[in-house]
Every structure is written in structure tokens, then in C-alpha cells.
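Structure at a glance
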Amino acid sequence: MNRTLSDTFFPGSRSCPYFRVGIVLLALLCTPSDLPASQKRSGGGDELFENGGFEDGLNRWTPIDGGSGSTTIDVDSEIKASGKNALKLVRKSPRLFPPDGVEMKLDRQGQQRKLIIEYKVRTDDSARAVVSLVALSSDGVFLVATVDQPITSLRKFRRQKLSLAVPPDTERFVLSLAIQGQGTVWYDDLRLRRK
Ligand SMILES: [Ca+2]
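Residues numbered from 1 in each chain as written. Predicted model: local features only at pLDDT ≥ 70, side-chain atom pairs only at ≥ 80, totals over all residues.

Moving on, we come to the overall build of the chain. Helix and strand content of the chain: two helices and eleven strands. Moving toward the C terminus, one meets the helices and strands of the chain in the order α-α-β-β-β-β-β-β-β-β-β-β-β. Burial statistics for the chain: of 195 residues in total, 37% are counted as buried. When contacts within the chain are restricted to residue pairs at least 6 apart in sequence, those whose partners lie at least 24 apart make up 75%. (Helix = DSSP H or I, 4+ residues; strand = E, 2+ residues; numbered from the N terminus. Buried ≥ 20, exposed ≤ 12 C-beta atoms within 10 Å, placed from the backbone. Contact = placed C-beta atoms within 7 Å.)

What follows is about the environment of Q180. Looking at where Q180 falls in the secondary structure, it is placed in strand β10 (residues 172–180). What makes Q180 buried here is the crowd of 27 C-beta atoms within 10 Å. Remark: the alpha-carbon pair of Q180 and D100, spanning 80 residues in sequence, is separated by 6.8 Å. Once you skip the residues sitting within four places of it in the chain, Q180 turns out to touch L96, P99, R128, V130 and P150.

Grouped together as the largest cluster of nonpolar side chains are 41 residues, with contacts concentrated most on L87, L133, V185 and Y187. Contributing elements (two or more residues each) for this core: β4 (86–91), β5 (100–107), β6 (114–125), β7 (128–136), β8 (142–147), β10 and β11 (183–194). At seven residues, the largest contribution of residues to this core is made by β7. Sequence-distant contacts of L87, that is, excluding residues within four places in its chain, are made with F54, V75, V102, L177, W186, Y187 and D188. (Core = buried A, V, L, I, M, F, W, Y, C linked by C-beta atoms within 7 Å.)

With six of six residues buried, β4 lies mostly within the body of the structure. The side-chain alternation of β4 yields two buried faces, one formed by A86, K88 and V90 and the other by L87, L89 and R91. Judged from the six bridges that link them, strand β3 (residues 71–76) and β4 form a sheet pairing that is antiparallel. The residue bridging I73 from the neighbouring strand is L89, located in β4. (Pairing = 2+ DSSP bridges.)

What follows covers the environment of I73. Its place among the elements puts I73 in strand β3. Remark: the alpha-carbon pair of I73 and L58, spanning 15 residues in sequence, is separated by 8.7 Å. For I73, the residues in contact, after removing those within four places along its chain, are L58, P63, L89 and V102.

A separate point is the sheet that holds strand β2 (residues 62–63). With antiparallel pairing, the five strands of this open sheet are ordered in space as β2-β5-β10-β7-β8. The open sheet has two edge strands, β2 and β8, and neither has a second partner. Of the strand pairs in this sheet, β5 and β10 are connected by eight bridges, and their pairing is antiparallel. When the bridges of β10 are listed, G101 appears paired with A178.

To continue, consider unusual backbone geometry. In the segment running from F97 into P98, the intervening peptide bond is cis, with an omega of -5°. Structurally, P98 can be placed in the loop between β4 and β5. A positive phi is found at R60, a non-glycine position, where the angle reads about 80°. Position of R60 relative to the elements: it lies in the loop between β1 (46–48) and β2. At D189, a residue that is not glycine, the phi angle is positive and equals roughly 55°. Checked against the element boundaries, D189 lands in strand β11.

Here we take up the pairing of β7. With nine of its nine residues buried, β7 lies for the most part within the structure. The side-chain alternation of β7 yields two buried faces, one formed by R128, V130, S132, V134 and L136 and the other by A129, V131, L133 and A135. Relative to β10, β7 is paired through nine bridges, and the arrangement is antiparallel. Its bridge partner lying in β10, V134 is registered against V174. Pairing between β7 and β8: five bridges, direction antiparallel. Residue pairing across strands places V134 opposite A145, the latter belonging to β8. Where β7 folds back onto β8 in an antiparallel hairpin, the turn is made up of five residues, including G140, whose phi is positive at roughly 85°.

Shown next, in the form of C-alpha cells:
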């Protein structure tokens with residue numbers, strides 16, 4: 001069962017009929033409540049996550065529901081891409097599912113048709129880093145999701161990019177930073193760009 005579910009998480013298996021099932025399961029983990037009143041913006045159409053660099057600890061990030069119960073979620077002031085902190089996820093379970101991590105709920109800002117998420121990630125041991133972005137309607141119905149390639153064996157921070165074509169009736173998004181397998185994953189420098 002785990003093997004089947006884990007396969008659905010690979011973007012390479014988008015043609016697999018189970019992929020959508022995996023995404024729906026992911027969306028079911030995302031609740032549309034407790035949305036922030038606003039997100040901090042920068043100029044030029046760019047939009048920054050508030051606390052996307054974890055300089056303010058875990059503020060605005062919440063644990064993903066339904067995890068393995070084997071993961072410690074904290075900030076790391078020793079290993080980071082920039083600033084004084086990065087997010088550090090330490091997972092003991094070697095199983096891939098259920099994934100652990102944190103998520104942030106974001107209101108849609110304007111009528112952009114595409115969102116680009118940029119982040120930096122580092123991994124250790126056999127842990128896998130998986131980032132996903134889910135679009136939800138105003139009543140919390142799952143619309144679409146994009147999932148980045150699982151990242152492993154990355155001893156230095158690397159910049160990654162993930163984009164999402166935004167359906168017209170999107171009201172909000174859920175961004176998830178997850179860990180699967182045993183080991184450590186660090187995330188830092190998250191940015192959101194609109195197109
Ligand atoms: Ca940082």
C-alpha cells in the first residue's frame with residue numbers, strides 16, 4: 001500500500017491513474033481555515049512569503065495534519081541558506097507515508113494566472129524533500145495541485161522552482177514543505193512570484 005501511494009507522489013507518474021488519487025489525498029489534508037489576513041508584498045509584482053526565510057521561527061507555518069508522528073519540526077541556526085535560520089525537519093520513520101512537514105495557507109492576491117514558488121532545499125541521510133502547492137476554491141474544494149520532484153542526497157542548499165497554472169475560480173492556496181523517509185530536510189528562502 002505504501003509503495004503504491006509513494007509512487008503516486010512522483011511527478012514522473014503523472015500518467016499513472018493513481019497520481020490524482022494521491023493529489024486528492026494531499027488536498028484532503030489541507031484545511032481552508034485559519035487563513036492569514038494578508039501576505040506581505042514587495043514591489044514589482046513580486047510577492048514574498050511572510051517568514052519564508054524562517055527568520056521569525058515557525059511563525060505562520062503549521063504542521064501538516066496526519067503525519068507519521070516521528071518528525072521533529074524546528075528551525076536550525078547552524079545550517080541555513082541565508083539569514084539566521086532555516087526550517088529543519090528530522091524524521092525517524094523510514095517509511096515514505098504519511099509525509100510530515102509544515103504548510104502555509106495563502107489567500108489569492110489579484111487575478112494572476114500563474115504562480116512560481118522558489119525555495120532552497122538541502123537533504124541528508126535517506127530523507128526526501130517534497131514541495132507541493134494546492135489551489136482551492138472559496139469553499140475549500142480542491143482544484144489543482146503541482147508537486148515538485150522529490151529531492152534526495154543533496155548536501156548543499158539548492159534553489160528549486162515550482163509553478164502552478166492558477167484556475168480562474170481559485171480563492172486560496174496551500175503550500176506544503178514535506179519530508180519522507182528517514183533523515184533530515186532543510187528548507188529556506190521561500191519566495192512567491194506572480195505571472
Ligand atoms: Ca533563512
